[in-house]
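# A look at the structure
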Amino acid sequence: MNKMLHLVNKSPFDRNALDSCLRLAEAGSSVLLIEDGVYAALSKAESAGAVGDRMEDLNFYVLGPDVSARGLDDTPLIDGISVVDYGGFVDLVVEHDVAQSWL
Amino acid sequence: MEPWEEEEGPEVVKRFMYVNRRAPYGTIYALECLEVVLVAAAFDQDVSVVFVDDGIYQLKKDQDTAGIGMKNFSKTYRALDDYDVEKIYVEKESLEKRGMTEDDLIIPVEVVAADNLREIMAQQDVVISS
């Protein structure tokens, strides 16, 4: 089975991209939140429950520069989400067999 | 009076409301709407600006866009006061859904519940949403 990296760049409040991703992502795959997708990483937002439900079987990452741009450096993230920079983004793409963007 | 001469009448002031519903940076809507508001305010109209849904993220403090190579326009919201745009509303329900409070915002706003915002919206002559 191919190891998949899921890219989500839409706000969970604006679109259902994250919900679809969480519903269809195979256990053991990874989810990288970028652009407006980073709002899904916030622990105090209402969307946190859906991410928390798959924390055990998916690996979650969030792109740091997009977090900083949106003023969220001091806003708590969901426990277990790793912050990566652009280099880390590249590493994730290389480590996975397939990258899928949930546009 | 010649046909090309305009009749001097009482100046018409309309109530304009700008409704911001998008997060900044992911799309161009937030920046474009801010620019439109600043232009409209220069024409001495009755302008109010509303932030609902992901639009409230436009006002989040501490934005630092150095890492994404885009212009940080969040400080421009502070200029609204200089343009005498003083009616700035944030919907209470949108804040709560995102776990945010008034303290998270870069400018002073009036936090209003949807019930109140509905009434304010109903009083407008022109509503522009983005």
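My aim in this report is to walk through the structure given alongside it, one point at a time. For every chain, the first residue of its written sequence is number 1, and the numbers climb from 1 along that sequence. Going through the entries in the order they are written, you letter the chains from A and number the ligands from 1. This being a predicted model, a pLDDT of at least 70 is required before a residue's local features are given, and a value of 80 or more before pairs of side-chain atoms are given or counted; all residues contribute to the totals for chains, interfaces and linings. Only heavy atoms go into the side-chain values, all of them from the structure, while hydrogens and water stay out.

To continue, consider the sheet that holds strand 5 (residues 98-101) of chain A. Residues and elements named next belong to chain A. Pairing between strands is defined by DSSP: at least two bridges between the two strands are required. In this description a helix means any DSSP run of H or I spanning at least four residues, a strand means any run of E spanning at least two, and both kinds are numbered starting from the N terminus. Taken in spatial order, the 5 strands line up as 4-3-2-1-5 in an open sheet, and their pairing is parallel. Looking along the sheet, the strands with just one partner apiece sit at the ends: strand 4 (82-84) and strand 5. For this sheet the average axis-to-axis angle between neighbouring strands, irrespective of direction, equals 25°. When strand 3 (residues 59-63) meets strand 4, the two strands line up parallel, connected through 3 bridges. The residue of strand 4 that forms the bridge with Tyr 61 is Ser 82. Each of strand 1 (4-8), strand 2 (30-33) and strand 3 touches helix 1 (residues 17-24); the most contacted strand, strand 1, lies at about 165° to it. Here the axes come from fitting lines to C-alpha atoms, over the contacting stretch only for helices, and the angles between their N-to-C directions go from 0 to 180 degrees. Only heavy atoms enter the contact rule, under which two residues are in contact if any of them lie within 4.5 Å.

Residue and element names in this part refer to chain B. Read from one edge to the other, the open sheet built from 5 strands follows the order 4-3-2-1-5, with strand pairing classed as parallel. Either end of the sheet is taken by a strand with one partner, and the two such strands are strand 4 (110-112) and strand 5 (126-129). Strand-to-strand, the axes of this sheet are offset by a mean angle of 25°, without reference to chain direction. This element, helix 3 (residues 114-122), spans strand 1 (15-20), strand 2 (46-51), strand 3 (87-91), strand 4 and strand 5 of the sheet and lies at about 140° to strand 3.

This part covers the interface of chain B and chain A. Across the boundary between the two partners, chain B contributes 18 residues, which contact 19 residues of chain A. Two parts placed together each lose some accessible area; with a 1.4 Å probe, that loss summed over both constitutes the buried area. When chain B packs against chain A, the two sides together hide about 1500 Å² of surface, and 52% of this comes from carbon and sulfur. If you sort the residues of chain B by the area they bury against chain A, B:Tyr57, B:Ile68 and B:Lys97 come out on top, with a joint share of 32%. For this document, the term salt bridge refers to a Lys or Arg side-chain nitrogen within 4 Å of an Asp or Glu carboxyl oxygen. There are 0 salt bridges connecting chain B and chain A. Pairs of N or O atoms are called polar contacts if they sit within 3.5 Å, as long as, within protein, a hydrogen donor faces a hydrogen acceptor (for residues adjacent in sequence, only side-chain-to-side-chain pairs). Counting across the interface, chain B meets chain A through 6 residue pairs in polar contact (both at pLDDT 80 or more). Residues belonging to the side of chain B that touches chain A are distributed by class as follows: 5 nonpolar, 6 polar and 7 charged. Under the scheme applied, nonpolar residues are Ala, Val, Leu, Ile, Met, Phe, Trp, Tyr, Cys and Pro; charged residues are Asp, Glu, Lys and Arg; polar residues are all the others, including Gly.

This paragraph deals with the pairing of strand 3 of chain B. Residues and elements named next belong to chain B. Along strand 3, 4 of the 5 residues are buried, which leaves the element largely enclosed by surrounding structure. In terms of strand pairing, strand 2 meets strand 3 through 4 bridges, oriented parallel. Within strand 3, the position partnered with Ser 48 by the bridge is Lys 87. Relative to strand 4, strand 3 runs parallel, the two sharing 3 bridges. Three labels apply to residues, based on accessible area from a 1.4 Å probe with only protein chains included: buried if under 20% of the type maximum, exposed if over 50%, partly exposed otherwise in between.

It is worth spelling out helix 1 (residues 29-41) of chain B at this point. All names here are of chain B. One less than the residue count of a helix, multiplied by 1.5 Å, gives the span that helix is expected to have. A rise of 1.5 Å per residue sets the reference length of helix 1, with its 13 residues, at 18 Å; its end C-alpha atoms lie 18 Å apart and thus fit the reference within 8%. Ala 30, Leu 31, Cys 33, Leu 34, Val 37, Leu 38, Ala 40 and Ala 41 are the residues of helix 1 that are buried. On its buried face, helix 1 sits against strand 1 and strand 2.

This part is about the pattern of salt bridges. Tallied over the entire structure, the rule returns 9 salt bridges over all chains. Here B:Lys87 makes a salt bridge to B:Asp46, at a shortest N to O gap of 2.8 Å. With B:Lys87 in strand 3 and B:Asp46 in strand 2, this pair connects stretches of sequence that are 41 residues apart. Note on B:Lys87: relative accessible area 35%, which makes it partly exposed. The shortest N-O distance in the salt bridge between B:Arg118 and B:Asp115 comes to 3.1 Å. Taken together, the residues B:Arg118 and B:Asp115, both in helix 3 and 3 residues apart, mark about one turn of the helix. A residue is classified by how much of its surface remains accessible, and B:Arg118, at 55% relative accessible area, is exposed. Through salt bridges with shared partners, a single network forms among A:Asp36, A:Asp66 and A:Arg70.

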